[in-house]
Amino acid sequence: MNLDLDALIDDAETRIIVTCGSGGVGKTTTAAALGLRAAERGRKVVVLTIDPARRLAQSLGLTELDNTPRAVAEVNAENGGRLDAMMLDMKRTFDDVVLQHATPEKAEQILANPFYQALSSSFAGTQEYMAMEKLGQLHKQAGRTGEWDLIVVDTPPSRSALDFLDAPERLASLLEGRFLRLLLAPARGPFKLMSAGVNMAMSVLNKVLGAQVLTDVQTFVAAFDTLFGGFRQRAEQTVALLREPHTAFLVVAAPQNDALREASYFAERLRAEGMPLAGVVLNRVTNTQAPELSAERSLAAAEKLQEADKSPLTAAVLRLHADKMQQVVGDHKRAERFRRGHRSIKTVEVPALADDVHDLSGLRQIGELLTA
């Protein structure tokens, strides 16, 4: 089944599009191209990218992207659309959550705490959780102000398809977990009655972590205590938002076995979680302008020229063409095998370009290929 992406972005009921898949398959470019095409067809779009390579800023003609949506000036607005773009700053987003939900005194204690600084900057899962936080913030802002009617999200590059869906729950569980609660035990609650056992546990933790680290963690937990419940609640709200009919997930995959296995697993996981899967983008599929000249015929012709000691340049070109034809055949076989294994999933095939996308013109070309 063919995936009609123009119909998807033109549908006013589509409010969120999430591009996902393994790293290096073109999620960022796909998200940017769809956002640009939707804006130039009349939608008010904000693109949220989490890609640390920062290619999106260059492609959109912006000197930099940060945690605040910035207007893309060169978008064709004849149809009344607009395009804003931003890049997730996970620490800034975490800081904003603290400032929004804690008292000024508590917020100051948390932001200055070394354990919090490490957690907000580099802890596994923080980036994915903060992507969910930022998506929830953008959705609320769009509903309140009407600035945007479509949010396009480029998910974090990850080694596992499960990370984007699971990390918010993992982080919320950590922040609400028994281990961190134990660190508050000497100061409050029924643990006061079990001071001997708790003191023994603290002695062990002190030897493992070091006195200063343990003190930093305890100080963080004490200051952060009032915010624990809100993390899980907001994560649950955003997951519920992603399950609503106005959200569409696009799995992006390159025609390589590892990427296609990841896409297959991600598609099945999204379905199992009740997430609305719009389809799969088979990206960067190798094509040729001379499909009638097979790799075998090309190699045979090159060998004849070599044996006759004639036209070495032509022979070299023929060998290059043979290499490309082998890649063309391989890409199309793998793509077709994926389609046969997932007949109920809509797909669109996007040919590989000779050059990387680095400007709005390139993004428009990708948009046309996505919707051809």
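Bear in mind the structure is a predicted one, so any value in this text is a computation, not a measurement.

Participant: Could you give me a rundown of the overall build of the chain, with the residues and numbers involved?
Facilitator: Along its length, the chain carries 16 helices and eight strands. The 372 residues of the chain split such that 47% are buried. Within the chain, contacts between residues at least 6 apart in sequence are counted, and of these 77% link residues at least 24 apart. Per element, the accessible surface of the chain, about 18,300 Å² overall, is 52% carbon and sulfur.

Participant: Account for a positive patch on the surface, naming residues and giving values.
Facilitator: Taken together, Lys333, Arg337, Arg340 and Arg343 make up a surface patch of like positive charges. Here arginine 343 is to be found in the loop between helix 15 (312-341) and strand 8 (347-351). The exposed category is assigned to arginine 343, whose relative accessible area is 62%.

Participant: Would you mind going over helix 15 in detail, with residue names and values included?
Facilitator: Here helix 15 contains 30 residues, and its C-alpha end-to-end distance of 44 Å stays within 8% of the 44 Å for a straight helix at 1.5 Å per residue. Buried residues of helix 15: Ala315, Leu318, His321, Ala322, Met325, Val328, Gly330, Asp331, Ala335 and Phe338, and no others. Each element contacted by the buried residues of helix 15 is listed here: helix 13 (257-272), strand 7 (277-285), helix 14 (295-307) and strand 8.

Participant: Residue-level account of the packing of helix 4 (residues 90-101) against helix 7 (residues 126-145), with values.
Facilitator: Helices that pack against each other are described as a pair by the angle of their axes relative to one another and the distance between those axes. Packing of helix 4 against helix 7 leaves a shortest axis separation of 9 Å and a crossing angle of 60°. Taken together, the axis directions place helix 4 and helix 7 in an arrangement best described as oblique. Relative to helix 7, helix 4 is oriented so that their crossing is left-handed. Counted together, Met90, Thr93, Phe94 and Val97 of helix 4 and Thr126, Gln127, Met130, Glu133, Lys134 and Gln137 of helix 7 form the full contact between these two elements.

Participant: Describe the pattern of salt bridges, and please don't skip the residues or the numbers.
Facilitator: One pass over the full model with this rule turns up 15 salt bridges. Between arginine 41 and aspartate 6 there is a salt bridge, with the nearest N and O atoms lying 3.6 Å from each other. Placement of arginine 41 in the loop between helix 2 (27-40) and strand 2 (44-49) and of aspartate 6 in helix 1 (residues 5-10) is noted, with a sequence separation of 35 residues between them. In this structure arginine 41 comes out as partly exposed when scored by relative accessible area, which is 37%. Look at the salt bridges and you will find they share partners, linking Asp6, Asp10, Arg37 and Arg41 into a network.

Participant: Let's hear about the sheet that holds strand 3 (residues 70-71): which residues, and what values?
Facilitator: The eight strands are arranged 3-4-2-5-1-6-7-8 in an open sheet whose pairing can be described as mixed. Every other strand in the sheet has two partners, leaving strand 3 and strand 8 as the edge strands with one partner each. Sheet topology note: the strand 1 (residues 16-20)/strand 5 (residues 150-154) ladder contains four bridges and is parallel. Of the residues in strand 5, the one forming a bridge with isoleucine 16 is isoleucine 151. Packed onto the sheet, helix 13 meets strand 1, strand 6 (247-253) and strand 7 and runs at close to 160° relative to strand 6.

About the thresholds
Residues numbered from 1 in each chain as written. Predicted model: local features only at pLDDT ≥ 70, side-chain atom pairs only at ≥ 80, totals over all residues. Heavy atoms only, no water. Helix = DSSP H or I, 4+ residues; strand = E, 2+ residues; numbered from the N terminus. Buried < 20%, exposed > 50% of the residue type's maximum accessible area, 1.4 Å probe, protein only. Contact = heavy atoms within 4.5 Å. Areas by Shrake-Rupley, 256 points an atom, 1.4 Å probe, with all protein chains shown as cover. Patch = residues over 30% accessible without salt bridge, like charges linked within 9 Å, V, L, I, M, F, W, Y side chains within 5 Å. Salt bridge = Lys/Arg side-chain N within 4 Å of Asp/Glu carboxyl O. Lys, Arg positive; Asp, Glu negative; His and termini not counted. Charge placed at Lys NZ, Arg CZ, Asp CG, Glu CD. Expected span 1.5 Å × (residues − 1). Axes fitted to C-alpha atoms, helices over the stretch in contact; angles between N-to-C directions. Parallel < 35°, antiparallel > 145°, perpendicular 65-115°, else oblique. Left-handed = near helix turned anticlockwise from the far one by under 90°. Pairing = 2+ DSSP bridges.

The values reported here are purely geometric and, on their own, carry no functional implication.
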